[in-house]
Each structure stands twice: as C-alpha cells, then as structure tokens.
Amino acid sequence: MAEPLRVVVTGAAGQIAYSLLYIIAKGDVFGKDQPLILHLLDIPVMMDVLEGVVMELADCALPLLRDVVPTDDPIVAFTDVSAAFLVGAMPRKQGMERKDLLAANVKIFKVQGEALDKYAKKDVKVLVVGNPANTNALICSKYAPTIPKENFTAMTRLDQNRAQAQIAAKLKVPVGMVSNAVIWGNHSSTQYPDASYAVVERNGTVEKVTDIIADEKWIRETFLTSVQKRGAAVIAARKMSSAMSAAKAAADHMKDWFLGTTPGKIISMGVISNGAYNTPKDVIFSFPVIIEDGKWKIVEGLLVDEFSHSMLDATGKELLEEREEALKIIQA
Ligand code: NAX
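This is a predicted model, so every value here is computed, not measured.

A.B. asks: Let's hear about the overall build of the protein: which residues, and what values?
C.D. replies: The secondary structure content of the protein amounts to eleven helices and 14 strands. In terms of overall dimensions, the protein is globule-like: its C-alpha atoms have a radius of gyration of 19 Å, near the 20 Å expected for 332 residues. Seen through its C-alpha atoms, the protein measures out along the principal axes to roughly 55 × 50 × 40 Å. By residue count, 44% of the 332 residues in the protein fall in the buried class. Put simply, of all contacts in the protein between residues at least 6 apart along the chain, 73% involve residues at least 24 apart.

A.B. asks: Pulling in residues and values, what's your account of the confidence of the model for the protein?
C.D. replies: Considering every residue of the protein, the mean pLDDT works out to 96; 100% of them sit at 70 or more. In the model output, the complex is listed with pTM 0.98 alongside ipTM 0.98.

A.B. asks: How would you summarise the sheet that holds strand β11 (residues 205-208) if you had to cite specific residues and measurements?
C.D. replies: Spatially, three strands are ordered β7-β10-β11 in an open sheet, and the strand pairing comes out antiparallel. With partners counted over all chains shown, the strands left at the sheet margins are β7 (178-179) and β11, one partner each. With four bridges connecting them, strand β10 (residues 199-202) and β11 associate as antiparallel partners. Bridge pairing links arginine 202 to threonine 205 in β11.

A.B. asks: So, the nonpolar core: which residues are in play, and what are the values?
C.D. replies: The biggest cluster of nonpolar side chains holds 92 residues, and the ones touching the most others in it are Val9, Ala84, Phe85, Val129 and Ala250. With seven residues, the top contributor of residues to this core is helix α10 (residues 244-259). If you count residues domain by domain, this core takes at least three from each of domain 1 (5-154) and domain 2 (157-320). The residues contacting phenylalanine 85, other than those within four sequence positions of it, are Val8, Val9, Leu20, Leu127, Val129, Ala250 and Met254.

A.B. asks: Residue-level account of the site of the ligand, with values.
C.D. replies: Around the ligand lies a shell of 28 residues, among which Gly11, Gly14, Ile16, Gly88 and Ala246 are the nearest. In terms of residue count, helix α1 (residues 15-25) provides more of the shell around the ligand than any other element does, three residues in total. Taken together, the residues that form the shell around the ligand break down as 17 nonpolar, ten polar and one charged. Both domains that meet at the shell around the ligand, namely domain 1 (5-154) and domain 2 (157-320), each give it at least three residues.

A.B. asks: Can you explain the UniProt feature "active site" (unreviewed entry) in the protein? Please cite residues and give values.
C.D. replies: In the numbering used here, UniProt assigns the "active site" (unreviewed entry) feature to His187. On the secondary structure map, histidine 187 appears in the loop between β8 (182-184) and β9 (192-194). Look past the residues within four positions of histidine 187 in its chain and what remains in contact with it is Ala133, Asn134, Ala154, Met155, Thr156, Asp159, Gly270 and Ser286.

A.B. asks: So what about the UniProt feature "binding site: substrate" (unreviewed entry) in the protein? Which residues, and what values?
C.D. replies: UniProt annotation of "binding site: substrate" (unreviewed entry) refers to Arg92, Arg98, Asn131 and Arg162 when read in the numbering used here. In three dimensions, the annotated residues from a span of 71 residues occupy distinct locations, with a maximal C-alpha spread of 25.4 Å. Relative to the assigned elements, arginine 92 resides in the loop between β4 (83-86) and α4 (98-119). For asparagine 131, the position within the fold is in the loop between β5 (125-128) and α5 (133-142).

A.B. asks: Which residues make up the environment of valine 283, and what are the values?
C.D. replies: Note that valine 283 resides in the loop between β12 (267-272) and β13 (284-292). Given 23 C-beta atoms within 10 Å, valine 283 falls into the buried group. Distance in space between the C-alpha atoms of valine 283 and glycine 270 is 9.1 Å, their sequence separation being 13 residues. With near-sequence residues (within four places) excluded, valine 283 lies in contact with Asn134, Leu138, Ser273, Leu319, Leu320 and Arg323.

A.B. asks: So what's going on with the domain arrangement of the protein? Residues and values would help.
C.D. replies: In terms of domains, the protein is made up of domain 1 (5-154) and domain 2 (157-320). Spacing between the C-alpha centres of domain 1 and domain 2 amounts to 24 Å. Counting residues at the interface gives 24 residues for domain 1 and 24 residues for domain 2. Per element, the largest residue contribution to the side of domain 1 that touches domain 2 is six residues, and it comes from α1.

A.B. asks: I'd love a proper account of the packing of helix α6 (residues 157-171) against helix α8 (residues 216-228), names of residues and values included.
C.D. replies: As a packed pair, α6 and α8 sit with axes 9 Å apart at the nearest point and diverge in direction by 140°. Relative to α8, α6 is oriented oblique. Crossing hand, α6 versus α8: right-handed. Contacts between α6 and α8 involve Asp159, Arg162, Ala163 and Gln166 from the first element and Phe223, Ser226 and Val227 from the second. For the contact of α6 with α8, the class distribution of residues is three nonpolar, two polar and two charged.

Cut-off values and rules
Residues numbered from 1 in each chain as written. Predicted model: local features only at pLDDT ≥ 70, side-chain atom pairs only at ≥ 80, totals over all residues. Helix = DSSP H or I, 4+ residues; strand = E, 2+ residues; numbered from the N terminus. Rg over C-alpha atoms; globule rule 2.2 N^0.38 Å. Buried ≥ 20, exposed ≤ 12 C-beta atoms within 10 Å, placed from the backbone. Contact = placed C-beta atoms within 7 Å. pLDDT = per-residue confidence, 0-100. Pairing = 2+ DSSP bridges. Core = buried A, V, L, I, M, F, W, Y, C linked by C-beta atoms within 7 Å. Domains from an automatic or database assignment. Near = placed C-beta within 6 Å. Nonpolar A, V, L, I, M, F, W, Y, C, P; charged D, E, K, R; others polar. UniProt positions renumbered as here; feature names shortened; annotations may be inferred. Axes fitted to C-alpha atoms, helices over the stretch in contact; angles between N-to-C directions. Parallel < 35°, antiparallel > 145°, perpendicular 65-115°, else oblique. Left-handed = near helix turned anticlockwise from the far one by under 90°.

Shown next, in the form of structure tokens:
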C-alpha cells in the first residue's frame, strides 16, 4: 500500500468540514487504496468542538485513516501536506462592509499562504472554499511564491453541480446523464452559469442541452438566476448555508484534480487566468477545464456569443475590483 498522504482541512470544526472529513477519510477523494493523515486546523476557541470531531472520526473506524492531527497552529497544520482544503474563513457579519470582510480574509489567507510556502510539499494542491473564494485563493498564492500559481484554485464546482441538477430536473433525466455545464468567473452573484456546452448522454447518444431545451428565456433567465441564487434559497430554507452539497463539491473538485477528468467531460474551477476568452489576467477566474496527470488545462476555442461575453466582462470586472481592494489592504 502507498505511503499515507497528508491532507489539511481548515475550518475543520465548521459545518462544511463536518461532511467533508467523512467523504475524504473513507477514500472517495484520493482513492480506495490511499492511506491518509488528516490535519485539522481551526481557531483556538474551537478546539473543544474539534476534539469532538476527532472522536467521531475515530468512531467511524475507517481503515484508510492512519492519523488525525487537530491543531490551531498553521505551521503544524500545513507541514508536509500534499492537499489543502481551505474551508475556514471570516464570515460576513451583520453591518460588515465588503472591504472589512476582505480585510479580515486577507489576514487569514496571508498567514496560510506563508505557512504553505514554508511547510507544505512544493506540489501541494490547494482548493479555497472559504469566501470570497477566488480572491482568497489569489492572496494565498501571492504569499506562497515558491509554490506554482497553478496549484491555487477556488471552488465553483458547487455552482456547476447546481447547474447540472437544474438541467436534469427540467429534462426529467437522472443528474448523472448531464455534464459539461460551465461556470465562468467569480463564485458570487456575478458568476455566469452557462448551459451552451452542456450535454445529456442517454442510450449511447450525446445531445446538446440547448438543442433539447429550445427555450432561450429558460436558459438565460430562469436557469441562470436559479443557479446564481441557489445558495440564498438554501439559506432561506435551512437557516444555514449549504454544507453537505458544498462538501460534496469540494470532494469532486479535488478528486478530479488528483485523479483526472473523464475524457469528454469538462469541469469548472477557479484558476489563475491567462487572459483566455478576453478575461482579465492574473485573477482567479472560473473556467471550463480538463485535467490530466494532476494538471488542469483551460478548454479553449469554445464559441462564446455576445451575451456570454457581456456576462464574462461583468464577472471579470468584479474580480478586478476585489483584487484592487485586496492589494490596497496589503499595501496599507
Ligand atoms: P462555519 O462557520 O460552519 O465554519 C467555518 C469554520 O472556520 C469555523 O469553525 C471557524 O472557527 C473556522 N475558521 C475561521 N477562521 C479560521 C482560520 N483563520 N483558520 C482556521 N479556521 C478558521 O462555515 P461553513 O458553513 O463551514 O463555511 C465555510 C466557508 O465556506 C464560508 O466562508 C462560506 O462562505 C464558504 N462557502 C463557499 C462555497 C463555495 O462554493 N466556494 C459554498 C459554501 C460556503 O458558503
């Protein structure tokens, strides 16, 4: 059997981690024959809660889980890790302005970037879930100059999964038949959920979703806004934000990154932009990607119409503004 892989989850006492840790520890992300050592980081006041999570992990009696390291020290958390799920972040509190939220998160992701740079494996794969995820990932990468920029990503897989679930419900087909919905841009209300390349595979045939749903109004209004506003709808119903689905999406993202995407399948993730599709360079922008040998590649050459370009411009503009604000905070 392989040597144990060290994996860190931050915000480990929180609600997303509560679902995510089990998915990772039972082998659904890194493979059924990959032993794991889980590093769990949270803040000092959460150490008692974290102890309870450690007890439950032990009680799951999972054969792949070789050790668990709970800590409030980023150095301990990031030492020798090959994968990092950065879930913990400063939540937006009532009356808090966007720039205050960004300032609090710049501080957190600076510390974590520096610790990753010094103590993690140089090929560590980092997935930022904590919001604002795209800009947090950018900041983290900035403070980890010895780790390639390509190794810092932000999660938009939940939005992709939501998009595919909406399409499946509309077509009354199992969600497993739907793939290649694309999320462009920021994981925020300016994201652009795009059904243009989505396909349905059934009975050995592959059909474009836009050929089956010849209803532009549904695609450009109902579908688009329901995906953009799905997080708010879950909060309204549950009185808490998405957790089970966020954990599943984080697991999907990291699994595809480590083990590769299926040929013909496109996934969405926030990655450092090279300016593809006229997007701003050097922001973490969600693109359609494929993954081979642990490396993602932006799918280029997709046809992007005028409507889509305007949506990409809007979300790109927001990412530039967030970067500007974050840099101001860093330089202050
Ligand atoms: P919780 O509030 O349940 O848990 C967050 C945990 O992070 C807490 O235990 C807290 O003590 C810890 N934490 C705070 N600062 C930390 C630090 N500096 N180091 C380590 N741990 C720290 O939130 P949860 O529902 O788990 O959500 C976590 C984050 O995911 C939030 O920022 C949320 O906005 C974000 N989300 C991102 C999504 C995405 O698609 N990218 C979707 C789901 C979710 O809303």
